[in-house]
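Results of the structural survey
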Amino acid sequence: MKFPFIAYLAICTLFFTACLQNEDTDSRIPVRYTIVVTDSISGNAVKNASVELTNEVQARQELKTNSSGTVTFPSEESYVNQIIVTKKGYFPMDTVDVISNPDTALSIILRSISLRLVPVDTAKYDSTN
């Protein structure tokens with residue numbers, strides 16, 4: 001009885017996937033995220049905005065921006081992250097997916113991300129009137 005090609009392909013795929021996962025978990029490089037939040041109309045920093053960082057295993061951290069609209073998360077050993085920014089008086093920020101490419105020449109990866117929040121009452125800024 002011949003071994004079916006599909007079964008052989010499935011076994012090879014599982015083997016190579018396991019090898020890649022083991023290699024990936026052994027060589028994790030920390031990623032430090034600095035998020036800058038500004039008002040999309042005025043360009044001013046948004047103080048006390050809630051910034052939520054969720055990693056690839058769904059562990060969640062939430063911090064508030066400082067007076068300059070900045071927040072820095074501690075090093076995260078995750079290359080796929082979601083960032084959500086919210087603040088009362090602003091439309092909810094869509095989820096931003098961030099993927100960092102691991103670079104084994106580095107001891108830490110530094111990522112700076114600038115996000116803009118849209119004020120809820122933007123009708124007074126409508127330039128079509």
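Rules used in this analysis
- Residues numbered from 1 in each chain as written.
- Predicted model: local features only at pLDDT ≥ 70, side-chain atom pairs only at ≥ 80, totals over all residues.
- Heavy atoms only, no water.
- Pairing = 2+ DSSP bridges.
- Helix = DSSP H or I, 4+ residues; strand = E, 2+ residues; numbered from the N terminus.
- Axes fitted to C-alpha atoms, helices over the stretch in contact; angles between N-to-C directions.
- Salt bridge = Lys/Arg side-chain N within 4 Å of Asp/Glu carboxyl O.
- Buried < 20%, exposed > 50% of the residue type's maximum accessible area, 1.4 Å probe, protein only.
- pLDDT = per-residue confidence, 0-100.
- Contact = heavy atoms within 4.5 Å.
- Polar contact = N/O pair within 3.5 Å; in protein donor to acceptor, adjacent residues only side chain to side chain.

Further remarks concern the sheet that holds strand E2 (residues 50–54). The 4 strands are arranged E3-E2-E5-E6 in an open sheet whose pairing can be described as antiparallel. Strands at the two margins of the open sheet, each flanked by one partner only, are strand E3 (60–64) and strand E6 (96–99). Averaged over all pairs of adjacent strands, the angle between strand axes in this sheet comes to 25°, irrespective of strand direction. As judged from the 4 bridges shared by strand E5 (residues 80–86) and E6, these two strands associate in the antiparallel manner. Residue pairing in the sheet places Gln82 in a bridge with Asp97 of E6.

Considering all chains together, one arrives at 2 salt bridges under this definition. Note that Arg60 is salt-bridged to Glu52, the shortest N-O span being 3.0 Å. Relative accessible area serves as the criterion here: at 51%, Arg60 is assigned to the exposed category. What you see here is one network of salt bridges that share partners, running through Glu52, Arg60 and Glu62.

Time to look at the confidence of the model for the protein chain. Summing up the model confidence of the protein chain, the mean pLDDT is 76 and the portion of residues at 70 or higher is 68%. Taking the mean pLDDT of every element in the protein chain, the minimum, 51, falls on helix H1 (residues 5–26) and the maximum, 93, on strand E4 (residues 70–72). Predicted confidence for residues 19–26 stays below pLDDT 50, and this span has 1 contact to residues more than four positions away or in other chains.

Following the sequence through the fold, Thr65 ends up in the loop between E3 and E4. Through-space distance from the C-alpha of Thr65 to that of Val36 is 7.9 Å; in sequence the pair is 29 residues apart. Leave out the neighbours within four places in its chain, and Thr65 touches Val37, Val46, Lys47, Asn48, Ala49, Val51, Thr70 and Val71. Separated by 3.0 Å, the side chain of Thr65 and the backbone nitrogen of Asn48 make a polar contact. Polar side-chain contacts of Thr65 include one of 2.9 Å to the backbone nitrogen of Ala49.

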